[in-house]
Amino acid sequence: MSYRVNDIFYSLQGEGHNTGRAAVFVRFSGCNLKCSFCDTDFLHYEELSAEEIISRAKALCPSTDVLVVLTGGEPTLQVDVALIDSFHEAGFGEVAMESNGTHVPPSNLDWLTVSPKENVVVEECSELKVLFEEGKEVSDFGIAADYYYLQPCDVGDVVRNSAITQACISFIEKHPKWQLSLQTHKLIGFK
């Protein structure tokens, strides 16, 4: 089995519950949605085996005591139980996935973040991260989560981003079920 991988890199998790944790990111190519704000390059990828993915991940990290984040694109289109087992067998302690929730993820994940847009089939997750856009209704999509986050949509305009963030904060103050998630990696300039 091979996987279409856009990038593998080592950094800090920049958003959500695990913000600030050292993590190796495996970004898969391909998605079933076409979101205008997506930051993934789907045109350039390599076909890699699980062994090649694990080898590259290990080469980037000082140890396997880091979070593994499977992201995309939409990782549920490719990631399977075998790949996650391979990470665990290689000594990586925690394997997380960031998904749009339109496909059922592998059952052996340690952490699941769902950032839903449409046609959601996932019913529960570790954290639900909903994009906050001015003028759009906030919904939990009927998903049960341990943590509920709102993340202001980055529209690429400093003034508009500030207004969206302020509106998001105001919403959270009125609806304390939600917590604020900022894209700290963008705010402080790291990958």
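Novice: Hey, could you go over the pattern of salt bridges for me, with residue numbers and the actual values?
Specialist: Two side chains with opposite charge may pair up if their charged atoms get near one another. One pass over the structure, following the stated rule, counts five salt bridges. Between Glu 46 and Arg 56 there is a salt bridge; the shortest N-O distance is 2.7 Å. With Glu 46 in strand 3 (residues 46-49) and Arg 56 in helix 1 (residues 50-60), the pair connects residues that are ten residues apart, well separated along the chain. Since its relative accessible area comes to 39%, Glu 46 is described here as partly exposed. On the basis of relative accessibility, which here comes to 36%, the residue Arg 56 falls in the partly exposed class. Between Glu 133 and Lys 136 there is a salt bridge, and its shortest N-O distance comes to 3.6 Å. On the basis of relative accessibility, which here comes to 54%, the residue Lys 136 falls in the exposed class.

Novice: Which residues make up helix 1, and what values go with them?
Specialist: When helix 1 is considered as a whole, its buried residues turn out to be Ala 50, Ile 53, Ile 54 and Ala 57. Mapping the buried residues of helix 1 onto a view down its axis gives an arc of 95°, with all of them on the same face. Residues Glu 51 and Ala 59 are exposed on helix 1 and point more than 90 degrees away from its buried face. The secondary structure elements touched by the buried residues of helix 1 are strand 1 (2-12), strand 2 (22-28), strand 3 and helix 2 (81-89).

Novice: So what's going on with the sheet that holds strand 6 (residues 111-114)? Residues and values would help.
Specialist: Strand order in this open sheet of nine strands is 3-1-2-4-5-6-7-8-9, and the pairing throughout is mixed. Here the strands that pair on one side only, and so sit at the sheet edges, are strand 3 and strand 9 (179-180). Bridging between strand 6 and strand 7 (residues 124-132) involves two bridges; their strand directions are parallel. Residue pairing across strands places Thr 113 opposite Glu 127, the latter belonging to strand 7. Sheet strands in contact with helix 1 are strand 1, strand 2 and strand 3, and its direction is about 95° off that of strand 3.

Novice: Residue-level account of the nonpolar core, with values.
Specialist: Across soluble globular proteins, nonpolar side chains show a tendency to be buried alongside one another. Counting residues in each nonpolar core, the largest one holds 41 residues, and the members touching the most others are Ile 53, Leu 70, Phe 87 and Phe 92. The contact partners of Leu 70, leaving out residues within four places of it in the chain, are Val 26, Phe 28, Pro 75, Val 79, Ile 84, Phe 87, Val 95, Ala 96, Met 97 and Glu 98. With seven residues, the next largest nonpolar core counts Ala 23, Phe 25, Leu 67 and Trp 111 among its residues.

Novice: Could you give an account of helix 3 (residues 158-174), naming the residues involved and the relevant values?
Specialist: In a regular helix each residue adds 1.5 Å, so 17 residues correspond to 24 Å; helix 3 covers 25 Å between its end C-alpha atoms and thus fits that length. Every buried residue belonging to helix 3 is among Asn 161, Ile 164, Thr 165, Cys 168, Phe 171 and Ile 172, and all of these are buried. Each buried residue of helix 3 sits inside an arc of 120° when the element is viewed along its axis, so together they form one side. Set apart from the buried face of helix 3 by more than 90 degrees, the exposed residues are Val 159, Glu 173 and Lys 174. On its buried face, helix 3 is in contact with strand 7, strand 8 (144-152) and strand 9. A distance of 3.1 Å separates the backbone nitrogen of Val 159 from a side-chain oxygen at the start of helix 3, and that oxygen is part of Asp 157.

Novice: Can you lay out the side chain of Gln 13 for me, pointing to particular residues and giving the numbers?
Specialist: When you line up the elements, Gln 13 lands in the loop between strand 1 and strand 2. A polar contact is formed between the side chain of Gln 13 and the side chain of Glu 98, at a distance of 3.0 Å. In contact with Gln 13, not counting residues within four places along its chain, are Asn 18, Thr 19, Gly 20, Arg 21, Ala 23, Phe 25, Val 69 and Glu 98.

Novice: How would you sum up the packing of aromatic side chains? Please name residues and give values.
Specialist: For the structure shown, the criterion picks out seven aromatic pairs. Ring geometry for Phe 132 versus Phe 171: centroids 6.1 Å apart, planes at 50°, classification tilted. With a gap of 39 residues between them, Phe 132 in strand 7 and Phe 171 in helix 3 connect regions that are remote in the sequence. By the burial criterion, Phe 132 is buried, and Phe 171 matches it. With a centroid separation of 5.6 Å and an interplanar angle of 80°, the aromatic rings of Tyr 148 and Trp 178 are classed as edge-to-face. Taken together, the residues span a long stretch of sequence, with Tyr 148 in strand 8 and Trp 178 in the loop between helix 3 and strand 9 at a distance of 30 residues.

Cut-offs applied
Residues numbered from 1 in each chain as written. Predicted model: local features only at pLDDT ≥ 70, side-chain atom pairs only at ≥ 80, totals over all residues. Heavy atoms only, no water. Salt bridge = Lys/Arg side-chain N within 4 Å of Asp/Glu carboxyl O. Helix = DSSP H or I, 4+ residues; strand = E, 2+ residues; numbered from the N terminus. Buried < 20%, exposed > 50% of the residue type's maximum accessible area, 1.4 Å probe, protein only. Arc of directions from axis to C-beta. Contact = heavy atoms within 4.5 Å. Pairing = 2+ DSSP bridges. Axes fitted to C-alpha atoms, helices over the stretch in contact; angles between N-to-C directions. Core = buried A, V, L, I, M, F, W, Y, C linked by side-chain atoms within 4.5 Å. Expected span 1.5 Å × (residues − 1). Polar contact = N/O pair within 3.5 Å; in protein donor to acceptor, adjacent residues only side chain to side chain. Phe/Tyr/Trp six-rings, centres within 6.5 Å; stacked < 30°, edge-to-face > 60°.

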